[in-house]
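Examining the three-dimensional arrangement
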Amino acid sequence: MRKSLLESRALSYGIAILFLSLMMLPIYWTVVTAFKPDTETYVFPPVYFPKEPTLTPFKLLFESYPFWDYIQNSLILTAVTTAFVTFIGMLAAYGISHYPYRGGHFVLITLLVTRIIPPLSLLIPFYLVVSYLGLVDNVLSMIIANVYLTYPFAVLIMKAFFDSFPRELIDSAIVDGCSRTGALFKIVLPVGAPGIASAAIITFLWTWNEFIYAMVFTSTSQAQPITVGVFDCIGDIFVNWNQMCAGALLATLPGIIFVFVAQKYLIQGLTAGALKS
Amino acid sequence: MIVLLWVIFPAFLLFYTSFLRYDNVHPIIFNGLGNYQKVLDDRLFWIGVKQIVIFSIGTTVLTSLGGLIIALCLSAITRAGGLFRSLMIVPWAVPAVVSGIIWKWMFSPDFGVVSDLLMKVGLISKPLSIYGDPNLAMLGVIIADTWTRIPFMGIILLAAFLSIPSILHEAAKVDGAGAFERFLFVDLPLVKGPLLVGLLITTIFSFRTIDIIIPLTAGGPGRATYVLGYYVWDHITKTLNFGMGAASGVILFFITAAIAGIFVYYMRK
C-alpha cells in the first residue's frame, strides 16, 4: 500500500469521486437528454432527472436519418481495419522484436515519425489518391486511410509486448523442429494475446471515432460512418437536441463498453505504446 | 519495404502538392514556393498560429494538472480501483466530434447545464454564452479538449506513480519531509520521464485538434477559436485550394516536428 501526498485515503477517495463526477457530467447529460421528451429538453433551468423518460428520441432519430446505414458502415469499416491492422501489425511487430535485421531500427523510427505527422496534413494526399482510385464515397477509402493512421501505434504496442517475451522459448521451439512462423502461431500468440488484444481494441476505437477523413471522403449514407452521421444531425437552423444526444450515445456506446469490459487491456496498451517507445 | 513506401508516399505527395498551383479553378501548374508565400502573407494564417498557441498551452497545462490530480488520487486507492480507472478513461473513448457536440449542448446559451450549474454555485448571475465572448469561446474549446485528454495523461502518470517504491516515501518521512515536499522531491523527479512523454503527446495532439472545434464553435465567434488546423481544413473543404492546403499542412507538420524535437532533446538529457 503506497502513501503519497494525499495522506488520508478518505481524502483521496473524496477528491477522486468529486473529480470523476465532474468528468462524468457530459456523459450523464448525454444519456439523460437522450431519454427526455421535448418538453423537458427545452427548458431552463434544465431538468436533471427526467420525470417521464421516453424512447421517442431514438425512434425519431431512426425515422428521420438513415442511422442503420451509418452503424452498418461504421461496423464494416472498423471490423476490416481492425482485422487487417492487427494481423499485419502482429507480423511486423514480431519481426522487429525478435529478428533484428538491417534497417529494422529505421522502420521503427519511421513508424514513430508517422505518428507525429498530423493526420490533417495528410488529408490532401489521401484525398488525391482516393479520388484517383475512384473510391470517393466508398467505405474502402476510409479503410485505407484508417489502416495508415492506426498501423504505427498498433505495431508499437505489440512490439512492446513481444519484447518482454523470452527469446529462449522461441529458439527451443525452433530446435524442436518448429518453423519461425510456426513458433509465432503456436507459442508467441498465446502468450502475447493481451498485447494483441490491446492493439486490436485501441485500433477499433480509433477507427470508430475517426471523423475528419470520413467527413471529406464520404457524401452519402452509402458510405458515411456514424461519426459523420451524428454530425449531420446538426441542422442548419434548429438542432433536435434529444435526438442528437441519442445519436451521440449510440456513437459512444462501443467506447463505453470496451472501457468497462477491457479496461485492463486499454490501460496496458496505451501505457506500453506511449512509454516503451 | 512495403511499409516504408506506404509511409513515405503520402508524405511525398503532400510536399509535391504544396508546390503546385492546385486551386480547383485554374489548370494545375508547378508553382514553386508560391503557395508558401501566399500562406505566409495570409492574415488568417497568423491568426491561426496565434490561436493554436493559446489553445495548445491552455489544453496542455489544464490536462497536466487534471491528470496529476486524478493519478495521485487513484494511486492511493485500492478498493474499487478498477471501476475508478474505467470511469477515468471514458472520455478518451468518446469520439472527438461527439465530444464537441456534447459540449455544444452543455454550453448551450439557452438550455445549457453549465450555465445552470455555475449559476447555482453563484459564480455567474445570468446564463453565459460562449458564443458571445471570444475569450469565453477559447476557454470553452480548451475545456472540451482537456476533457478528452485527461484520461491519457492520467493513465500514463498513474502507471508512473504506482511504480515508485513506497520505501522512498517512508525514508523521506523519517527525514522529516512534509506531504507536499515528498510530492515535490520524491514523486515528481521520478515521474519526470512519463510526464514529459504525456506533455509531448498532449501538445502535438492538441495541435491537430479540429474534430472538437468543428461542431463546438466552427472557429468562431469571429476568429476566436480559428486554430491553425482549421485554416488547413478550410482550404480543403471550403476554398478547395489544395495547393495552399498542402503548404499549410506542411507548415503544421514542421511546427509539430519541431515541438517533438525539443521534447525529445530534453528527455535525452
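Residues numbered from 1 in each chain as written. Chains lettered and ligands numbered in written order. Predicted model: local features only at pLDDT ≥ 70, side-chain atom pairs only at ≥ 80, totals over all residues.

1. Section: the overall build of chain B
What counts, and what does not: Put simply, DSSP marks the helices as runs of H or I at least four residues long and the strands as runs of E at least two long, and each gets a number from the N terminus on. Once C-beta atoms are placed from the backbone, each residue is buried if 20 or more other C-beta atoms lie within 10 Å of its own, exposed if 12 or fewer, and partly exposed for counts between those two. We call two residues in contact when their backbone-placed C-beta atoms lie within 7 Å.
A tally of regular secondary structure across chain B gives 13 helices and two strands. Projected onto its principal axes, the C-alpha positions of chain B cover 75 × 55 × 30 Å. Within chain B, the proportion of its 269 residues that are buried is 48%. By sequence separation, contacts in chain B at least 24 residues apart represent 73% of the contacts at least 6 residues apart.

2. Description of the interface of chain B and chain A
Here is the rule: All amino acids are sorted into three groups, where Ala, Val, Leu, Ile, Met, Phe, Trp, Tyr, Cys and Pro are nonpolar, Asp, Glu, Lys and Arg are charged, and the leftover types, Gly among them, are polar.
Across the boundary between the two partners, chain B contributes 79 residues, which contact 70 residues of chain A. Classifying every residue of the side of chain B that touches chain A by side-chain character gives 60 nonpolar, 12 polar and seven charged.

3. A look at the nonpolar core
Residues and elements named next belong to chain A. To keep it simple, the criterion reads: A set of buried Ala, Val, Leu, Ile, Met, Phe, Trp, Tyr and Cys residues, joined through C-beta atoms within 7 Å, is what we mean by a nonpolar core.
One finds Leu123, Ile157, Met158 and Leu266 to be the most contacted residues of the largest nonpolar core, which totals 159 residues. With 17 residues, helix α7 (residues 139-163) is the single largest residue contributor to this core. Every residue in contact with isoleucine 157, bar those within four places of it in the chain, is listed here: Gly195, Ser198, Ala199, Ile202, Gly269, Ala272 and Gly273.

4. Points about the packing of helix α4 (residues 67-98) of chain A against α7 of chain A
Under the convention used in this document: Convention adopted: a line fitted to C-alpha atoms gives each axis, helices being fitted over their contacting stretch, and angles between N-to-C directions are expressed from 0 to 180 degrees. In this scheme, a crossing is called left-handed if the near helix is turned counterclockwise away from the far one by less than a right angle; it is called right-handed if the turn is clockwise.
At a minimum axis separation of 7 Å, α4 of chain A and α7 of chain A run at an interaxial angle of 35°. Of the two possible hands of crossing, α4 of chain A and α7 of chain A adopt the one that is right-handed.

5. Notes on helix α1 (residues 9-34) of chain A
Residue and element names in this part refer to chain A. Condition: In this analysis, the expected span of each helix is defined as 1.5 Å times one less than the number of residues it contains. One axis is fitted to the seven residues ending at the residue and one to the seven starting there. The bend at that residue is the angle between these axes.
Its 26 residues give α1 an end-to-end C-alpha distance of 36 Å, which sits within 8% of 38 Å, the value for a rise of 1.5 Å per residue. A maximum bend of about 40° is found in α1 at methionine 24, where proline proline 26 lies one to four positions downstream. Those residues of α1 that fall on the buried side of the exposure criterion are Ser12, Ala16, Phe19, Met23, Pro26, Trp29, Thr30, Val32, Thr33 and Ala34.

6. A look at the confidence of the model for chain B
Residues and elements named next belong to chain B. As a reminder of what qualifies: Residue-level confidence of the predictor is summarised by pLDDT, bounded by 0 at the bottom and 100 at the top.
Mean pLDDT over chain B: 83, with 95% of residues reaching 70 or higher. Mean pLDDT values over the elements of chain B span from 70, in strand β2 (residues 29-30), up to 90, in helix α3 (residues 43-75). Confidence estimates for the predicted assembly give a pTM of 0.86 and an ipTM of 0.85.

7. Focus: the confidence of the model for chain A
Summing up the model confidence of chain A, the mean pLDDT is 82 and the portion of residues at 70 or higher is 92%. Scored below 50 in pLDDT, residues 1-6 of chain A makes 22 contacts in the model with residues more than four places away or belonging to other chains.

8. Structural notes on the environment of isoleucine 70 of chain B
As for its position among the elements, isoleucine 70 of chain B is in helix α3. The residues contacting isoleucine 70 of chain B, other than those within four sequence positions of it, are Ala16 and Phe19 of chain A together with Met88, Ile150 and Gly154 of chain B.

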